[in-house]
Amino acid sequence: MSAHRSPDSPEPLDHVARIQREWARERPDVDVRPQGVIGRLHRLAGRLTEELCVVYREHGLGEGDFDVLAALRRAGAPFERAPSELAEHTMVTTGAMTKRIDRLERAGLATRRPSELDGRGRVVALTAHGREVIDRAFTAHMANERRLLGALTGDEAAQLEALLTKWLARVEPPGE
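Nothing here was measured: the structure is a model prediction, and the numbers come from that model.

(A) Main features of the overall build of the chain. Helix and strand counts for the chain stand at seven helices and three strands. Secondary structure elements in the chain, listed N-terminal to C-terminal, are α-α-α-β-α-α-β-β-α-α. What you see for the chain is a C-alpha radius of gyration of 22 Å, clearly larger than the 16 Å of a compact globule of 176 residues, by over 25%. Over its C-alpha atoms, taken along the principal directions, the chain stretches across nearly 70 × 35 × 30 Å.

Rendered as structure tokens:
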């Protein structure tokens, strides 16, 4: 089926609707309505990630690098956290954290030093250059997110945020 339409034909089906229609034809015994939400969220998340990563790359960062630098910046002065804290405050797994920190150190964006509280522990801190980079990148990131949300009205964005907050709280309780 063509995604194009003539002026007198109905709206074209999006990718998810085409898949749902095919499944409904092949498996009419299965309710495929959940795909309408889950499939579109999945596709939208992929597209949004692509759009967000463009801005990170403009600042010489990958998605995980941005996340770690942002967690350090959000910590407030002196802009440092233990690696385990960074893992708790980011989307980066503890296994990937060491590699990220190594890369950020090599780039001069972060430093690592022994913890004053725990002789075996380490502390990761933003460098002055790292703070400049994350501040510029974060400003651009928020402008990009604002642009991406521009497809929705303010009311629509607020409704969507409320629904997503409610749904996320059920699958990932706050504080987890």
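(B) View of the confidence of the model for the chain. Confidence in the prediction for the chain averages 89 pLDDT; 93% of positions are at 70 or higher. Element-level pLDDT for the chain is lowest in helix α4 (residues 83-88), with a mean of 86, against a maximum mean of 97 in helix α6 (residues 128-149). Ignoring residues within four places in sequence, the model shows residues 1-6, a span with pLDDT below 50, making seven contacts including any to other chains.

(C) Quick peek at the nonpolar core. With 24 residues, the main nonpolar core has Leu61, Phe66, Val68, Leu69, Leu72, Leu86 and Met97 as its most contacted residues. Of all the elements in the fold, those that place two or more residues in this core are α2 (33-58), α3 (63-74), α4, α5 (94-106), β3 (122-126) and α6. A per-element tally of this core places α3 first, with six residues. Contacts of phenylalanine 66, omitting those with residues within four sequence positions, involve Tyr56, Leu61, Ile134, Ala137, Phe138 and His141.

(D) Summary view of the layout of surface pockets. Its boundaries defined by the atoms lining it, the largest pocket holds a volume of some 1,400 Å³. Among the secondary structure elements, those contributing two or more residues to the lining of the largest pocket are α2, α3, α6 and α7 (154-171). The dominant element in the lining of the largest pocket, judged by the number of residues it contributes, is α7, at nine residues. Each residue belonging to the lining of the largest pocket can be placed in one class, and the counts come to 20 nonpolar, five polar and nine charged. Looking at the second largest pocket, its volume works out to about 230 Å³. Lining the second largest pocket, in full, are Leu164, Thr165, Trp167, Leu168, Ala169, Glu172 and Pro174. By residue class, the composition of the lining of the second largest pocket is five nonpolar, one polar and one charged.

(E) Quick peek at helix α1 (residues 15-26). For α1, with twelve residues, the first-to-last C-alpha span of 17 Å sits near the 16 Å given by 1.5 Å per residue. Listing the buried residues of α1 in full gives Val16, Ala17 and Gln20. Burial along α1 is one-sided: seen end-on, the buried residues are contained in an arc of 95°. Next to the buried residues of α1 lie α2.

(F) Representation of the environment of arginine 43 in the model. On the secondary structure map, arginine 43 appears in helix α2. Taking C-alpha positions, arginine 43 is 8.7 Å from valine 16, a pair spaced 27 residues apart along the chain. If we skip the residues at most four places from it in the chain, arginine 43 touches His15 and Val16. One polar contact links arginine 43 to histidine 15, side chain to side chain, over a distance of 3.4 Å.

(G) Region of interest: a nonpolar patch on the surface. Among the surface-exposed residues, Val37, Ile38, Leu41, Leu149, Leu152, Leu160, Leu164, Trp167, Leu168 and Val171 lie close enough to one another that they form a single nonpolar patch of about 830 Å² accessible area. Elements with a contribution of two residues or more to the nonpolar patch: α2 and α7. Take the nonpolar patch: its biggest share by element is five residues, from α7. Classification of leucine 149 as partly exposed rests on a relative accessible area of 46%.

The rules behind each value
Residues numbered from 1 in each chain as written. Predicted model: local features only at pLDDT ≥ 70, side-chain atom pairs only at ≥ 80, totals over all residues. Heavy atoms only, no water. Helix = DSSP H or I, 4+ residues; strand = E, 2+ residues; numbered from the N terminus. Rg over C-alpha atoms; globule rule 2.2 N^0.38 Å. pLDDT = per-residue confidence, 0-100. Contact = heavy atoms within 4.5 Å. Core = buried A, V, L, I, M, F, W, Y, C linked by side-chain atoms within 4.5 Å. Buried < 20%, exposed > 50% of the residue type's maximum accessible area, 1.4 Å probe, protein only. 1 Å grid on protein atoms, 1.4 Å probe; cavity = no way out; pocket = protein on both sides within 12 Å on 5 of 7 lines; lining within 4 Å. Points joined across faces, edges and corners; volume = space filled by probe spheres on them. Nonpolar A, V, L, I, M, F, W, Y, C, P; charged D, E, K, R; others polar. Expected span 1.5 Å × (residues − 1). Arc of directions from axis to C-beta. Polar contact = N/O pair within 3.5 Å; in protein donor to acceptor, adjacent residues only side chain to side chain. Patch = residues over 30% accessible without salt bridge, like charges linked within 9 Å, V, L, I, M, F, W, Y side chains within 5 Å. Areas by Shrake-Rupley, 256 points an atom, 1.4 Å probe, with all protein chains shown as cover. Salt bridge = Lys/Arg side-chain N within 4 Å of Asp/Glu carboxyl O.

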